[in-house]
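# Residue-level structure breakdown
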Amino acid sequence: MDAHPGDPPLIYLNNAATTWPKPQGVLDAVTRSLQTPFFEHGRSTAGSAMDYPSETRAALAGLFHAEQPDHFIFTRSATESLNLLIHGFVKKQGAPFHAITTELEHNSVLRPLHTLTGEGRLSLSMVPFQESYVTLQDIKKALQPETRLVVMTHGSNVLGSLQNIRPVAEYCAENNIFLIVDGAQTAGQVPINLEAVPLGAFVFTGHKALFGIPGIGGFYLDDPDAIVPVQQGGTGTDSRSLAHPQEMPQKFEAGTPNYPGIASLLAGIRFIEHEGQDRVTRKGRDLAALFISEITRDKNIILYTPAPDLPVVSFNIQGLDNDEAGYILAKAYNIITRTGLHCAPLVHDRIDSGKGCIRVSFSCLNTPEECRSAAMAVREVAEGADR
Ligand SMILES: Cc1ncc(COP(=O)(O)O)c(C=O)c1O
């Protein structure tokens, strides 16, 4: 949106979609990465330049407490990661099997599973959430003798709830069920310890709370033999062989990497390390709590997230369509929110009859002043609503 003289200052509250602004260190890293020749072991001899992929895998292993840096695979996004993992797992199984997912999921989980169900490659059970959580007990109710796969989110992008993954992971590990956890909303937002929880795969995206640029994401895969690669190509290694290399990480990466994106991810991780992961988590929760305490002073605001674990607040204004409310906030107040269905249709069926809602989401770069101004604007819009 172009700025005009006299406009109120821009307040960006759509960080659950993608964080903005990016820290200066991230912008500088992208520029720097493009100013020097790319270098990666096996692909280039420019020995003096930075090996961004290796450095970034090491940084991810540090941030997420993972044992094997080479088991981090770079992709374009959480969406691509989920597709590679889900389709790769199905390919590995060969025969149809039963999978479980939850009503909290984003379309990047629901649509691949729906497609594969339609093709007869798997049968699917959908676990409902209670309040805003899915527990191991809920998942156990959906189990069948041939259940081989569970895909669930770590953090809901609508309800801001952080799921207790550990009991699910321990149960799946004991029962030979592959667990894919979608950490798109949690990576960079809350502490993650992959050593402490036996996941099959953990999916992250670079452009949200990790503060990288769009176009970079990835996953951590504990057992490289759990899934089959669905793409093959150049790796810069073993080039005489027509068979794609089986070593990690090349097994699941083909083609020229997104060096600027990877550089941005590395700088984003360094930013979080510098701020402190615990501080980042706390700041997000405090901003969400402040915003909620301010907007709930108006009785016409219907809040779907009374105590979110993540800095995500979803609500509606009685008597006003959510898209219209978002439009007024953008045009009259210069406040960017997100309205509609947030790519998680099953959550909306449960909370707002599928009509969608207004979502405000903070990053650790937002301030309490922005939070208060936005809450005041929401209350003003609510006061003006036609009831
Ligand atoms: C819970 C969840 N999963 C997956 C995604 C997809 O992420 P990406 O944009 O990296 O594909 C999102 C993004 O909105 C999300 O919120």
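Residues numbered from 1 in each chain as written. Predicted model: local features only at pLDDT ≥ 70, side-chain atom pairs only at ≥ 80, totals over all residues.

### Some remarks on the sheet that holds strand β2 (residues 72–75)
The strand order across the open sheet formed by seven strands is β2-β8-β7-β6-β5-β3-β4, and the pairing between neighbours is mixed. Looking along the sheet, the strands with just one partner apiece sit at the ends: β2 and β4 (122–127). Across this sheet, the average inter-strand angle for adjacent strands is 20°, counted without regard to direction. The strands touched by helix α6 (residues 165–174) within the sheet are β5 (147–153) and β6 (178–182), with β6 carrying the most contacts at an inclination of about 155°. (Pairing = 2+ DSSP bridges. Helix = DSSP H or I, 4+ residues; strand = E, 2+ residues; numbered from the N terminus. Axes fitted to C-alpha atoms, helices over the stretch in contact; angles between N-to-C directions. Contact = placed C-beta atoms within 7 Å.)

### Re the sheet that holds strand β10 (residues 312–317)
Ordered in space as β9-β10-β13-β12, the four strands form an open sheet in which the pairing is antiparallel. Each edge of the sheet is formed by a strand with only one pairing partner; in this case those strands are β9 (301–303) and β12 (338–340). Strand-to-strand twist in this sheet, taken as the mean axis angle between neighbours without regard to direction, amounts to 30°. Across the sheet, helix α8 (residues 277–295) touches β9, β10 and β13 (357–361), and the angle it forms with β10 is around 15°.

### With respect to the domain arrangement of the chain
Along its sequence, the chain is carved into domain 1 (11–21 + 277–383) and domain 2 (24–275). The distance between the C-alpha centroids of domain 1 and domain 2 comes to 27 Å. With 27 residues of domain 1 at the interface, the matching set in domain 2 holds 24 residues. For the side of domain 1 that touches domain 2, the elements supplying multiple residues, two or more each, are α8, β10 and α10 (345–351). The element contributing the most residues to the side of domain 1 that touches domain 2 is α8, with seven residues. Among the residues making up the side of domain 1 that touches domain 2, the classes are represented as 13 nonpolar, nine polar and five charged. (Domains from an automatic or database assignment. Nonpolar A, V, L, I, M, F, W, Y, C, P; charged D, E, K, R; others polar.)

### Details of the site of the ligand
In the vicinity of the ligand there are 14 residues, among which Ser77, Thr79, Asn157, Ala184 and Thr205 approach most closely. By residue class, the composition of the shell around the ligand is four nonpolar, nine polar and one charged. (Near = placed C-beta within 6 Å.)

### A look at the packing of helix α3 (residues 78–93) against helix α4 (residues 107–118)
Where α3 meets α4, the closest approach of the two axes is 9 Å, and the angle between their N-to-C directions is 30°. By the angle between their axes, α3 is roughly parallel relative to α4. Judged by the twist between their axes, the crossing of α3 over α4 is right-handed. Judged by residue contacts, Ala78, Thr79, Leu82, Asn83, Ile86, His87 and Val90 of α3 engage Ser108, Val109, Pro112, Leu113 and Leu116 from α4. Tallied by class, residues from the contact of α3 with α4 come to eight nonpolar, four polar and no charged. (Parallel < 35°, antiparallel > 145°, perpendicular 65-115°, else oblique. Left-handed = near helix turned anticlockwise from the far one by under 90°.)

### Section: the environment of Thr235
Here Thr235 shows up in the loop between β8 (217–221) and α7 (259–275). Put simply, Thr235 and Lys251 are 16 residues apart on the chain and 8.8 Å apart in space, counted from C-alpha to C-alpha. If we skip the residues at most four places from it in the chain, Thr235 touches Pro245, Gln250, Glu253 and Ala254.

### Here we look at the pairing of β10
Where burial is concerned, most of β10 is hidden: six out of the six residues are buried. Side chains Val312, Ser314 and Asn316 project from β10 onto one buried face, and the interleaved Val313, Phe315 and Ile317 project onto a second face that is buried too. Both β9 and β10 contribute to a ladder of three bridges, which runs antiparallel. Bridge pairing in β10 links Ile301 to Ile317. Summarising the sheet, β10 and β13 pair through four bridges and their orientation is antiparallel. The residue bridging Val312 from the neighbouring strand is Ser361, located in β13. (Buried ≥ 20, exposed ≤ 12 C-beta atoms within 10 Å, placed from the backbone.)

### Details of the environment of Gly284
Tracing the backbone shows Gly284 in helix α8. On the neighbour-count criterion, Gly284 (25 C-beta atoms within 10 Å) is buried. Separated by 203 residues in sequence, Gly284 and Ser81 have C-alpha atoms that sit 26 Å apart. Excluding anything up to four places from it in sequence, Gly284 contacts Gln189, Leu310, Pro311, Phe362 and Cys364.

### Focus on the packing of helix α2 (residues 52–63) against α7
Running from amino to carboxyl end, α2 crosses α7 at an angle of 35°, the nearest separation of the two axes being 9 Å. Relative to α7, the crossing made by α2 is left-handed. Each of Tyr52, Pro53, Glu55, Thr56, Ala59, Leu60 and Leu63 in α2 lies in contact with α7, whose residues at this interface are Tyr259, Ile262, Ala263, Leu265, Leu266, Ile269 and Ile272. Among the residues making up the contact of α2 with α7, the classes are represented as twelve nonpolar, one polar and one charged.

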